[in-house]
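Okay, here's what each chain looks like letter by letter:
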Amino acid sequence: MIKARDALTKIKPYVPGKPIEEVKRELGLDDVIKLASNENPYGPSKKALEIIDSYLTNLNLYPDGRAFELKTALSNYYQVQEEEIIVGNGSDEVIKLLSEAYLNPGDNIVQADVTFSEYEFGALLMGAKVKKVPLKDFTHDLEAFYNYIDDNTKLIYICNPNNPTGTMVTEVELIEFLEKIPKGVLVVLDEAYAEYVADTSYPNSLGLINKYPLVVLRTFSKIYGLAGLRVGFGIAQKEIIANLEKAREPFNVNLLGQVAAVRALDDKEHLEYSFRENAKARESFYQECQKRDIKYVKSHTNFVLMQVEDADTIFNKMLKKGVIVRSGSVFGLNRFIRVTLGSIEQMQRFWQVFDEIGG
Ligand SMILES: Cc1ncc(COP(=O)(O)O)c(C=O)c1O
């Protein structure tokens, strides 16, 4: 047997939300809904679909390795320079690039416990260590983060709003934190769900990138409804982006993803519709929880963490009835399930099945 790198022994393969087709196949079901990966239930923008159609005959060609049109569109939209943007095969890839660009064996990252799993994956892959700061009231405890930073800390991840809890840190809290972090540490602010946030105390993070060593991550997988095409991006000072660019593969973002993302960015109506419907679905979800006396964590996103007796039991029972949710056990939260807010019909089905199984 050829021995793989030692770093791999620490890595547990990512367990994604179960795909619909797999559940249909395995359980012999026809009608399955997925409320497990925080996708947009209202689909992609029509404008994005139209442009994809017109590019299908170009699939024999490589995509633009520099993603010129997409970077131009992002640069105009966010009022930053093109050299301050990196686009990736999902923001997952940008997280991996950050790990590859900044982490040597023996370095460490500081992150919340619990948060999005890819930060840990990237660190372990590079032979770096992961320091986990317990959440306080399901929210990042930035005060406590200082106690975990040491001379080997290179990256600090703040997932805002946090996956899987849906909670956020405010601009005031973030700036207070950034003011005090030591030199040589890069802060990564993962804002995958930013477009769902209505709270006005949410940070205007792009206004901070020139003042602090900060990388802001965004994605087209969530409110823009393009998860299947894999497009995410990072915004930071030029010197940071230049380092990430060195680790990037030449054609990392596919052709359809690039053109669709440009159109999606331009489709304000789809964005606003998705935002409004999600806000309604969230309120209605809270009401349904209250009716049943179920505890939940107030969320700024398109998913809600709700308390149950036993997460795996509920997950499995719901799965058998064709409703895929995320069991909190994958995050170490055995008494919670994370439910993506679906369409009205999907949420009716969710509650009907939940009541049926005696959740
Ligand atoms: C907080 C967070 N960051 C990043 C991602 C990855 O997004 P992408 O599809 O852009 O790779 C996700 C996806 O679930 C997420 O929840």
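Thresholds, definitions, all that
- Residues numbered from 1 in each chain as written.
- Predicted model: local features only at pLDDT ≥ 70, side-chain atom pairs only at ≥ 80, totals over all residues.
- Heavy atoms only, no water.
- Pairing = 2+ DSSP bridges.
- Helix = DSSP H or I, 4+ residues; strand = E, 2+ residues; numbered from the N terminus.
- Axes fitted to C-alpha atoms, helices over the stretch in contact; angles between N-to-C directions.
- Contact = heavy atoms within 4.5 Å.
- Core = buried A, V, L, I, M, F, W, Y, C linked by side-chain atoms within 4.5 Å.
- Buried < 20%, exposed > 50% of the residue type's maximum accessible area, 1.4 Å probe, protein only.
- Domains from an automatic or database assignment.
- Near = heavy atom within 4 Å.
- Polar contact = N/O pair within 3.5 Å; in protein donor to acceptor, adjacent residues only side chain to side chain.
- Areas by Shrake-Rupley, 256 points an atom, 1.4 Å probe, with all protein chains shown as cover.
- Nonpolar A, V, L, I, M, F, W, Y, C, P; charged D, E, K, R; others polar.

Participant: I'm lost on the sheet that holds strand S2 (residues 85-88) in this one. Help?
Facilitator: Strands in a sheet are paired, the pairing made by backbone hydrogen bonds, and the direction either parallel or antiparallel. With mixed pairing, the seven strands of this open sheet are ordered in space as S2-S8-S7-S6-S5-S3-S4. Both edges of this open sheet fall to S2 and strand S4 (129-134), since each of them pairs with a single strand only. Each neighbouring strand pair of the sheet contributes to a mean axis angle of 25°, computed without reference to strand direction. Relative to strand S5 (residues 153-159), strand S3 (residues 108-113) is paired through three bridges, and the arrangement is parallel. In the strand pairing of S5, Ile-109 is matched with Leu-155. Sheet strands touched by helix H4 (residues 91-102): S2, S5, strand S6 (186-190), strand S7 (214-219) and strand S8 (232-235). Its angle to S5, the strand with the most contacts, is close to 160°. The strands touched by helix H8 (residues 238-247) are S2, S6, S7 and S8; relative to S2, the strand with the most contacts, the crossing angle is about 30°.

Participant: Quick question: what am I supposed to make of the nonpolar core here?
Facilitator: Nonpolar side chains in soluble globular proteins generally cluster together in the buried interior. Counting 59 residues, the largest nonpolar core has Leu-74, Ile-156, Ile-158, Leu-214 and Phe-220 as its most contacted members. The residue makeup of this core includes at least three contributed by each of domain 1 (6-43 + 269-356) and domain 2 (46-266). One finds Tyr-286, Val-304, Met-318 and Val-353 within the second-largest nonpolar core, a separate group that totals 30 residues.

Participant: Would you mind showing me how to read the site of the ligand here?
Facilitator: The ligand sits among 13 residues. The nearest are Ser-91, Asp-190, Tyr-193, Thr-219 and Ser-221. The separation between an oxygen atom of the ligand and a polar side-chain atom of Asn-163 is 2.8 Å. Between the ligand and the protein, one listed contact pairs an oxygen atom with a side-chain N or O atom of Arg-230 at 2.7 Å. Protein contacts shield 93% of the accessible area of the ligand, which totals 390 Å² for the unbound molecule. Along the lines of polarity and charge, the residues of the shell around the ligand split into four nonpolar, five polar and four charged.

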